Amino acid sequence: MRKLLSANFSRLFRDKTFWFCMGAMLIYAVVYMLNGVRQATVSLAEYHHTLDDYYFHFALVIGMFCALFCSMFLGTEYSDGAIRNKLVVGHTRAGIYLSGLVVTFAATLFVMAVWLMGALVGVPALGVWQMGVPRLLEYLLIAVLCAAVFSSIFTFISMMSVNKAVTVAVSILVFLGLLILASMIYNGLQQPELASSVELTQGGIQMSEPQPNPAYIGGAKRTFYEFMIDFLPTGQGLLMWQLQIAHPLRMILSSVLLTIVPAICGIAAFKRKNLK
C-alpha cells in the first residue's frame, strides 16, 4: 500500500488535469471574491457584506472538480494498463482501490485549499470571518467530509468503468444530477407557508392578504426534505454556501456513511471485476 501511494502521488504532481484543476480553482476564487468585493462596495449603504457571504461558494463546485480529476486520473489507469501491471507485481485489488481513493481525496483537498487561500484576497475589503473560529472550523470539517464523499463516489465510478470517456461523462452527469436534486429540494424548502399576491386597484398596486401557499411543503414531507438536504453532499454544499447549516452532526454522520458505503461496495465489486 505504501508503494502504491508513493507511485500515485508521484504521478499526481505530474498530472496535467490536477494542475489544470488547481489553476482553474485559483482563478475562479480570485475573480469571484473580487466580484464580491465590488458588489459589497456598490451596495454598502443597503447591505452589510462580510467575507462569510462569499467564502464558502467553493462548496457548490468542488464536486465537479473531483469528478473531472478522478475520472481522468483513474481512467488512465485502465487505458495504459497500469492496473494490470500493479496486479502482476503482487499488489492486492483492495490496495489498488484504496490508493486510488486516497489520492483522489488528497487531490480534492489540494484544490479546495487553493480556493481557501485564493479567496483571502477579499480580506482587505471585507475583513475576516464574522462567524467565529468554532463555527468556521465546523464548516471546514463539513467541507472536508463532503470532499471525502465525492472522492468515494467518483472513485467507485472510475474503478468500475474501463472506458475513460464514459467514466468522465458518467461522473460529471452524476454530480450534475445530485446538484439538480439538491437544488429542487432546497427550493421546495424555501417556499413560504403564507404568500401574498399583487393586486391592481384604483389606488395603485397593492399586496393582498397573505393566503396559504399551495407550494409550501409541511408535515412529514418537510421533515424528509430537511433530512435529504443534509444527507446529500450537494445539499450540504448549498447550505454551506448560504450559511444555513443547522444540523452539523447529521451532516457529519451522513458524510461518513456516504464515504464508507461506496468504498466497501467498490472494493467488493473491484475484487470480482474481470480486468482482461
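Here's a quick rundown of the structure. As the structure is a prediction and not an experimental result, all values here were calculated from the model.

**Quick look at the overall build of the protein**
Phase 1: The number of helices and strands found in the protein is twelve helices and four strands.
Phase 2: Over its C-alpha atoms, taken along the principal directions, the protein stretches across nearly 85 × 45 × 35 Å.
Phase 3: Buried residues in the protein amount to 45% of all 276 residues.
Phase 4: At a minimum sequence separation of 6, the contacts of the protein that also span at least 24 residues come to 79%.
Phase 5: For the protein, the exposed surface amounts to about 14,000 Å²; the carbon and sulfur share of it is 68%.
Phase 6: Computed over 18 positive and 12 negative side-chain charges, the separation of the two mean positions in the protein equals 26 Å.

**Some details on the pattern of salt bridges**
Phase 1: Per the counting criterion, the structure on display carries three salt bridges.
Phase 2: Among the ionic pairs, Glu 138 bridges to Arg 135, the shortest N-O distance being 2.4 Å. Within this pair, Glu 138 and its partner Arg 135 are both found in helix 8 (residues 133-160), separated by three residues, close to a single helical turn.
Phase 3: Residue Glu 138 is classed as partly exposed on the basis of its relative accessible area of 22%.
Phase 4: For Arg 222, the salt bridge identified is with Glu 226, shortest N-O distance 3.6 Å. Placement of the pair is Arg 222 and Glu 226 together in helix 10 (residues 219-231), with a separation of four residues, close to one helical turn.
Phase 5: Judged by relative accessible area, Arg 222 falls into the buried class, the value being 18%.

**Points about the environment of Tyr 54**
Phase 1: The topology assignment puts Tyr 54 in helix 3 (residues 52-55).
Phase 2: Dropping the residues within four chain positions of it, Tyr 54 is found in contact with Tyr 32, Met 33, Gly 36, Gln 39, Ala 40, His 49, Trp 115 and Leu 126.

**Section: the side chain of Ser 99**
Phase 1: As for its placement among the helices and strands, Ser 99 is situated in helix 6 (residues 93-118).
Phase 2: Using a relative accessible area of 0% as the deciding quantity, one classes Ser 99 as buried.
Phase 3: Here Ile 96 takes part through its backbone oxygen, which lies 2.8 Å from a polar atom of the side chain of Ser 99.
Phase 4: Residues in contact with Ser 99, not counting those within four places in the same chain, are Met 1, Leu 4, Leu 5 and Asn 8.

Rules used in this analysis
- Residues numbered from 1 in each chain as written.
- Predicted model: local features only at pLDDT ≥ 70, side-chain atom pairs only at ≥ 80, totals over all residues.
- Heavy atoms only, no water.
- Helix = DSSP H or I, 4+ residues; strand = E, 2+ residues; numbered from the N terminus.
- Buried < 20%, exposed > 50% of the residue type's maximum accessible area, 1.4 Å probe, protein only.
- Contact = heavy atoms within 4.5 Å.
- Areas by Shrake-Rupley, 256 points an atom, 1.4 Å probe, with all protein chains shown as cover.
- Lys, Arg positive; Asp, Glu negative; His and termini not counted.
- Charge placed at Lys NZ, Arg CZ, Asp CG, Glu CD.
- Salt bridge = Lys/Arg side-chain N within 4 Å of Asp/Glu carboxyl O.
- Polar contact = N/O pair within 3.5 Å; in protein donor to acceptor, adjacent residues only side chain to side chain.

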